[in-house]
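Chain and residue survey
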Amino acid sequence: MELNYIEHIGIAVKDLPSAIGYYEDILGLRCYSIEEVKDQKVKTAFFKIGQTKIELLESTSPDGPIGKFIEKKGEGIHHIAFAVNNIETQLGNAASKGIHLIDEKPRKGAEGLEIAFLHPRSTFGVLTELCENKKQL
Ligand code: ZN
């Protein structure tokens, strides 16, 4: 595979406004976007640090993926996302090496990126996201 850089780190939080308060008031970052991703049942808040983003994730429903994650593991780092070119090719490379894919094909994520997840059971416990910004190219 070929990864360009860490696009973002996804962090599961129970309450978006209080978490945003911490990132803004204590860490001094600025939330530049809040977006709901309906099919993932999450509300996201984005911060930028260098070329990497922090993506805070609050569940909009207890049965969504973030709701379940928090129930099982509590708040904290949920996934790491790598920027790639040719996301379909990268997914194919991973699959051909026996990596279990959550998404066989890329789908639309927050910020209009094409995203796909690798399963944590193939990645030493780290839910891994690949994302490609096709608008920029
Ligand atoms: Zn993400």
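For the structure, check the block above.
Description of the structure in this document. (Residues numbered from 1 in each chain as written. Predicted model: local features only at pLDDT ≥ 70, side-chain atom pairs only at ≥ 80, totals over all residues. Heavy atoms only, no water.)

A word on the pattern of salt bridges
- Taken as a whole and assessed by the stated rule, the structure comprises 6 salt bridges.
- Taking the shortest distance from any N to any O, the salt bridge between Glu 88 and Lys 134 comes out at 3.1 Å. Of this pair, Glu 88 sits in helix H3 (residues 87-96) while Lys 134 sits in the segment after strand S8 (128-132), and the two are 46 residues apart along the sequence.
- Classification of Glu 88 as partly exposed rests on a relative accessible area of 43%.
- A relative accessible area of 38% means that Lys 134 is categorised as partly exposed.
- Residue Lys 108 pairs with Glu 114 through a salt bridge whose shortest N-O separation is 2.5 Å.
- Classification of Glu 114 as buried rests on a relative accessible area of 15%. (Salt bridge = Lys/Arg side-chain N within 4 Å of Asp/Glu carboxyl O. Helix = DSSP H or I, 4+ residues; strand = E, 2+ residues; numbered from the N terminus. Buried < 20%, exposed > 50% of the residue type's maximum accessible area, 1.4 Å probe, protein only.)

So, the coordination of the zinc ion
- Distances from the zinc ion to its protein donors, His 8 (NE2), Glu 55 (OE), His 79 (NE2) and Glu 129 (OE), fall within 2.0 to 2.4 Å.
- One can describe the donor arrangement at the zinc ion as irregular, given that its 4 donor atoms subtend angles of 82 to 173° at the metal.
- Written as a sequence motif, the donor arrangement for the zinc ion is H-x46-E-x23-H-x49-E. One end of the pair, His 8, is in strand S1 (residues 5-13); the other, Glu 55, is in strand S4 (residues 52-59), and 47 residues separate them in sequence.
- For His 8, a relative accessible area of 3% translates into the label buried. (Donors = N, O, S within 2.8 Å, 3.2 Å for Na, K, Ca; no water. Tetrahedral: all angles 85-135°; square planar, octahedral: opposite > 155°, others 65-115°.)

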